[in-house]
Amino acid sequence: MANIAILKSEIDSDPLGRGYSGMDDTAVAVDVNTAYRTKKEPISSAELLAWSASDARLQNIKNAAENGATDDLKSLAQAAYLIVTRDGTTLDLNLADRVAMLDSLVAAGVLTAADRTSLDALATVSISRAEELALGLVRAGT
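Below is a summary of the structure that appears in this document. Because the structure is predicted, anything quoted here is derived from the model rather than measured.

So, helix H3 (residues 45–52)
Moving on, step 1. Within H3, the full set of buried residues consists of Ser-45, Leu-48, Trp-51 and Ser-52. All buried residues of H3 lie within an arc of 120° about the axis, which places them on one face of the element. Facing away from the buried surface of H3 by more than 90 degrees, the exposed residues are Ala-46 and Ala-50.
Moving on, step 2. Considering only its buried residues, H3 is in contact with strand E2 (43–44), helix H4 (57–67), helix H5 (71–85), strand E3 (90–91) and helix H7 (113–123).

As for the packing of H5 against helix H6 (residues 96–107)
Between two packed helices, both the angle of their axes relative to each other and the distance between the axes serve to describe the pair.
Moving on, step 1. Between H5 and H6, the shortest axis-to-axis distance is 10 Å and the interhelical angle comes to 120°. Viewed along their axes, H5 and H6 adopt a mutual orientation that is oblique. When the axes of H5 and H6 are compared, the crossing they make is left-handed. The segment H5 lies against H6, with Leu-73, Leu-76, Ala-77, Ala-79, Ala-80 and Ile-83 engaging Met-101, Ser-104 and Leu-105.

Conventions we followed
Residues numbered from 1 in each chain as written. Predicted model: local features only at pLDDT ≥ 70, side-chain atom pairs only at ≥ 80, totals over all residues. Heavy atoms only, no water. Buried < 20%, exposed > 50% of the residue type's maximum accessible area, 1.4 Å probe, protein only. Helix = DSSP H or I, 4+ residues; strand = E, 2+ residues; numbered from the N terminus. Arc of directions from axis to C-beta. Contact = heavy atoms within 4.5 Å. Axes fitted to C-alpha atoms, helices over the stretch in contact; angles between N-to-C directions. Parallel < 35°, antiparallel > 145°, perpendicular 65-115°, else oblique. Left-handed = near helix turned anticlockwise from the far one by under 90°.

In structure tokens:
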């Protein structure tokens, strides 16, 4: 247990409305350790390449990089193409400029809204409240 003060504050204030005040120590520990929260993690180049193989995504990005209507769109698509094809890269949808890049590709019709949604799903992982608060494993006795 990394920080008892954080856990105490979580239980006392119950910011997510989990109903801690009506739970015993075991129930609180189970709840805090259950993966009901989500976060976005960077998507690896291998995952991106596999994602891009469906629905002509990679070809659409490549076409926009070569034949985009504007130089800005060509540059944007070239950057996206490199992120997808270069080994050792990641796409971090926690970064505003990466989200803006993706949104621009959707707005330009290079990618679809469904493509955007599938990338969000790929980046989203389930975590526990304990992980979210960096508490480690919470035990009833804590």
